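# What the coordinates show
Chain by chain, the residues:
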Amino acid sequence: MALDQSFVGRTYPPTDPYEVGREKIREFAEAIGDPNPAYTDTEAAKALGHSDVIAPPTFVFAITFKAAGQVIEDPQLGLDYSRVVHGDQKFAYTRPVRSGDRLSVTSTIEAIRTMAGNDIIDIRGEVHDEAGEHVVTAFTKLVARAAKEA
Amino acid sequence: MTAKISYDDVEVGMELPAQTFPVSRATLVQYAGASGDFNPIHWNEKFAKEVGLPDVIAHGMFTMAEAIRVVTDWAGDPGAVAEYGVRFTKPVVVPNDETGALIEVSAKVAAKLDDDDRTVRVDLTAMSAGQKVLGMSRAVVRLA
C-alpha cells in the first residue's frame with residue numbers, strides 16, 4: 001500500500017544530543033582501516049586547523065540514521081522496515097564532526113514516492129552542535145521493496 | 001582546514017591515486033560494532049540468503065566510507081570534503097574465506113566549481129568483482 005503523502009514536509013523533534021567521543025572516532029577509523037592521523041592524533045588535527053581530532057566523513061551517519069528511526073518507526077507512517085534498503089546517501093558539511101561535539105539531529109520527510117510497488121522515502125537530517133551551529137546535513141533515501149505475493 | 005593540494009595546481013580530468021580496499025567477514029563484524037548497524041545481512045549468511053541475497057554483503061556505508069579515502073588521502077585534510085554523495089547500485093558480496101572481497105576505487109577531478117571558494121568536484125568509481133557498486137558517487141572538495 002502506498003505511503004501517506006500527507007507526511008511529506010513533516011519535521012520530527014530534535015534528538016537528545018549525541019556526544020562524540022575520541023575513542024568512538026578511533027574505533028570507527030580502525031573499522032574502516034583508515035590510518036589518517038587527523039582521526040586519532042590531536043596535534044595532527046590541529047596542524048590541519050581543527051580544534052581537536054575530527055571524524056571520518058561518513059561517521060555522522062550512525063547518528064543521523066538513528067535519528068531517522070523516528071521516521072522509519074513512526075507507526076502512523078507504516079513503513080515496512082524489514083523491506084527497507086538504502087538507496088542513496090549524501091552529506092553536505094559546514095564543518096567536520098569533531099571530538100567533544102554534542103550533536104542533535106532534526107529529521108524531516110522531504111519526499112515520498114511509489115515506483116513499481118516500491119515505497120521511496122527521502123529523509124533530511126539537519127545536524128547542529130550545542131551552540132546551535134550547523135555541522136552537516138544528511139540526505140538519506142530509503143527504498144521499501146514491494147511485498148511479493150505469497 | 002588545510003588541504004595539501006592547491007586549487008591552482010588542479011586541472012579537470014586529473015586522476016587521483018587509485019586504491020584497493022579489502023573487506024572480509026571480520027571487517028564487517030568490526031564495522032557493525034563501530035557503526036552500530038547490526039543488520040544480519042552483513043554477517044549472517046543464512047539470513048542473507050533467505051532474503052534473496054547471494055551471500056553476506058558489505059554495509060553500503062562501509063563501501064561509501066572506503067571510497068572517500070581516495071579523496072581524503074589526496075586532499076590531506078578529511079575536513080576539506082564539503083559534500084559527498086553516492087547511490088548504492090550493487091552490493092559488495094563478501095564470501096566467507098580469507099580473501100573476502102576487494103573494493104577498487106578510482107577518482108578524477110570532474111569540474112572546478114568556484115575560483116573564490118576553491119572547490120572542485122571529484123567523481124568516484126567504486127568496483128567490486130567487476131561490477132560498479134556505487135553510482136553517482138561525487139564529492140565536493142575545498143582545496144588550498
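As the structure is a prediction and not an experimental result, all values here were calculated from the model.

## What to know about the layout of surface pockets
- The volume enclosed by the largest pocket comes to roughly 1400 Å³.
- Lining the largest pocket are 48 residues, and of these A:Val84, A:Val85, A:His86, B:Asn39 and B:His42 lie nearest its centre.
- Put simply, the parts of the chain that give the lining of the largest pocket at least two residues each are helix 1 (22-31), helix 3 (61-72), strand 2 (84-93) and strand 5 (134-144) of chain A together with helix 1 (25-35), helix 3 (60-67) and strand 5 (131-142) of chain B.
- Looking at the lining of the largest pocket element by element, the count peaks at seven residues for helix 3 of chain A.
- Counted by class, the lining of the largest pocket contains 29 nonpolar, 13 polar and six charged residues.
- Roughly 310 Å³ of internal volume is contained in the second largest pocket.
- In terms of lining, the second largest pocket is formed by 20 residues, of which the most central are A:Asp88, A:Gln89, A:Lys90, B:Gly85 and B:Val86.
- Counting only elements with at least two residues in the lining of the second largest pocket, the list comes to strand 2, strand 4 (118-128) and strand 5 of chain A together with strand 2 (81-88) and strand 5 of chain B.
- Of the residues forming the lining of the second largest pocket, the biggest block, five residues, is contributed by strand 2 of chain B.

## What to know about the packing of aromatic side chains
Residue and element names in this part refer to chain A.
- Within this structure, the stated rule accounts for five aromatic pairs over all chains.
- The interplanar angle of 85 degrees and the centroid separation of 5.4 Å between the aromatic rings of Phe28 and Phe59 together place this pair among those described as edge-to-face. Here Phe28 is found in helix 1, whereas its partner Phe59 is found in the loop between helix 2 (42-47) and helix 3, with 31 residues between them in sequence. Grouping residues by exposure puts Phe28 and Phe59 together as buried.

## So, the pairing of strand 2 of chain A
- Within strand 2 of chain A, seven of the ten residues are buried, leaving the element largely enclosed by the surrounding structure.
- Relative to strand 5 of chain A, strand 2 of chain A runs antiparallel, the two sharing nine bridges. Within strand 5 of chain A, the residue paired with A:Gln89 across the bridge is A:Thr140.
- Where strand 2 of chain A meets strand 2 of chain B, five bridges bridge the pair, whose relative direction is antiparallel. Residue pairing for strand 2 of chain B: A:Phe91 is matched across the bridge by B:Tyr84.

## Let's talk about helix 1 of chain B
- Here helix 1 of chain B has its buried residues at B:Arg25, B:Thr27, B:Leu28, B:Tyr31, B:Ala32, B:Ala34 and B:Ser35.
- Buried residues in helix 1 of chain B make contact with helix 1 and helix 3 of chain A together with strand 1 (15-23), helix 2 (45-50) and helix 3 of chain B.

## Section: empty space enclosed by the protein
Residues and elements named next belong to chain A.
- Evaluated as defined, the whole model comprises three cavities of 30 Å³ or more.
- Of the voids in this model, the largest cavity is the one considered here, and its volume is about 90 Å³.
- If you trace the largest cavity, you find 13 residues lining it, with Ala55, Pro57, Tyr93, Pro96 and Val97 closest to the centre.
- One number sums up the size of the second largest cavity: a volume of about 50 Å³.
- For the second largest cavity, the full set of lining residues is Thr64, Phe65, Ala68, Ser107, Ile123, Arg124, Gly125, Ala138 and Thr140.
- Of the residues assigned to the lining of the second largest cavity, the class counts are four nonpolar, four polar and one charged.

## A word on the sheet that holds strand 4 (residues 119-128) of chain B
- What the ten strands build is an open sheet, ordered 1(A)-3(A)-4(A)-5(A)-2(A)-2(B)-5(B)-4(B)-3(B)-1(B); its pairing is antiparallel. Since the sheet does not close on itself, it has two edges, and those belong to strand 1 (18-19) of chain A together with strand 1 of chain B, each with one partner.
- Bridging between strand 1 of chain B and strand 3 (residues 101-114) of chain B involves seven bridges; their strand directions are antiparallel. Residue pairing across strands places B:Phe21 opposite B:Ile103, the latter belonging to strand 3 of chain B.

Conventions and cut-offs
- Residues numbered from 1 in each chain as written.
- Chains lettered and ligands numbered in written order.
- Predicted model: local features only at pLDDT ≥ 70, side-chain atom pairs only at ≥ 80, totals over all residues.
- Heavy atoms only, no water.
- 1 Å grid on protein atoms, 1.4 Å probe; cavity = no way out; pocket = protein on both sides within 12 Å on 5 of 7 lines; lining within 4 Å.
- Points joined across faces, edges and corners; volume = space filled by probe spheres on them.
- Helix = DSSP H or I, 4+ residues; strand = E, 2+ residues; numbered from the N terminus.
- Nonpolar A, V, L, I, M, F, W, Y, C, P; charged D, E, K, R; others polar.
- Phe/Tyr/Trp six-rings, centres within 6.5 Å; stacked < 30°, edge-to-face > 60°.
- Buried < 20%, exposed > 50% of the residue type's maximum accessible area, 1.4 Å probe, protein only.
- Pairing = 2+ DSSP bridges.
- Contact = heavy atoms within 4.5 Å.

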